[in-house]
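The primary structure of each chain is shown beneath.
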Amino acid sequence: MKALFVTFEGGDGSGKTTLIAALERRFKQRMSILSVREPGGTKLGETVRSVLLDQDLTLSNKAELALFLAARIQHIEEVIRPSLSKYDLILCDRFHDSSIAYQGAARGLGESFVEKTCLLLTENFQPDLTIYLDISPQDAEMRLEQTKDRIEKEPRAFHEAIRKSYRRLASCFPKRIHTIDASLPKEVVENTAYLLLLQFIKERVDV
Ligand code: TYD
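Here the structure is a predicted model, which means the values were calculated and not measured.

Digging into the packing of aromatic side chains
Across all of its chains, the model carries six aromatic pairs by this definition. Both rings, one in Phe5 and one in Phe95, keep their centres 5.2 Å apart while their planes meet at 80°; by these two values the pair is edge-to-face. Linking Phe5 in strand S1 (residues 4–10) with Phe95 in the loop between strand S3 (89–93) and helix H4 (96–106), this pair joins segments that are 90 residues apart in sequence. For Phe5, a relative accessible area of 1% translates into the label buried. Ring centres of Phe27 and Tyr194 lie 5.0 Å apart, and the angle between their planes is 45°; this geometry places the pair in the tilted category. Here Tyr194 lies in helix H8 (residues 186–206) and Phe27 lies in helix H1 (residues 16–27), a separation of 167 residues in the sequence. Relative accessible area serves as the criterion here: at 0%, Phe27 is assigned to the buried category. Cluster of aromatic residues (ring-pair linked, three or more members): Phe5, Phe95 and Phe125. Across the ring face of Phe173, the terminal group of Arg176 is positioned such that the distance to the ring centre comes to 5.4 Å.

What follows is the structure, given as structure tokens:
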């Protein structure tokens, strides 16, 4: 059976990474899990990641999108696609929705333009399920470290635009994207995500 491909989305400081680690711990007793992140997961992805987060770099908005996409395409071809037949569950920290919210909305390239470009270049490769951690940039900022990367350093309005875009995406794709209030205590967020995933897995087995 094909692995369930689940992506995690949210603004900077929303707690995705902690949540993914917790879910991995809880599910690994009962199924095989691969946990990956974007940009990253391949040699190209990790190289692109350090370029993209470099504080001293000036990048045009389209160049930024192209780099994120290059990393994603390589990641899909080299890691995700071949893993679909090897694992039960693939957990991926960020995917197309990040590009739509960050480059499409916040950088102003246009959400529809970015969505179409992502789908075109990845031959419509889409997650089965997306968990979106919703939190205000103000609350999220308190969780971020003092040393911010190139994207985290952007002003509050930039991060507000990202949240607005994610919320719009969640309302456009209610079957795929499930929103969790990330301002709730960590254990509540973890349990909600765990039950959601469990339910999704059960439904899939029952079909
Ligand atoms: P990272 O340190 O992994 O942040 P986080 O832990 O919040 O995911 O850095 C990834 C940064 O890249 C983050 O600020 C979001 C941004 N990003 C985009 O702008 N577009 C994209 O397509 C992706 C995948 C990430």
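Section: the site of the ligand
In the vicinity of the ligand there are 15 residues, among which Asp12, Arg49, Arg94, Ser99 and Gln103 approach most closely. Interatomic distance of 2.7 Å between a side-chain N/O atom of Asp12 and an oxygen atom of the ligand. Within the side chain of Arg49, an N or O atom sits 2.5 Å from an oxygen atom of the ligand. Protein chains bury 90% of the 540 Å² of accessible surface belonging to the ligand in isolation. Because more than half of its atoms lie within 2 Å of the grid, the ligand is assigned to the largest pocket. Every element with two or more residues in the shell around the ligand is listed here: H1, helix H3 (61–83) and H4. Here the element with the most residues in the shell around the ligand is H4; it accounts for four residues.

How each quantity is defined
- Residues numbered from 1 in each chain as written.
- Predicted model: local features only at pLDDT ≥ 70, side-chain atom pairs only at ≥ 80, totals over all residues.
- Heavy atoms only, no water.
- Phe/Tyr/Trp six-rings, centres within 6.5 Å; stacked < 30°, edge-to-face > 60°.
- Helix = DSSP H or I, 4+ residues; strand = E, 2+ residues; numbered from the N terminus.
- Buried < 20%, exposed > 50% of the residue type's maximum accessible area, 1.4 Å probe, protein only.
- Lys NZ or Arg CZ within 6 Å of the ring centre and 35° of its normal.
- Near = heavy atom within 4 Å.
- Polar contact = N/O pair within 3.5 Å; in protein donor to acceptor, adjacent residues only side chain to side chain.
- Areas by Shrake-Rupley, 256 points an atom, 1.4 Å probe, with all protein chains shown as cover.
- 1 Å grid on protein atoms, 1.4 Å probe; cavity = no way out; pocket = protein on both sides within 12 Å on 5 of 7 lines; lining within 4 Å.
- Sits in = over half its atoms within 2 Å of the grid points.

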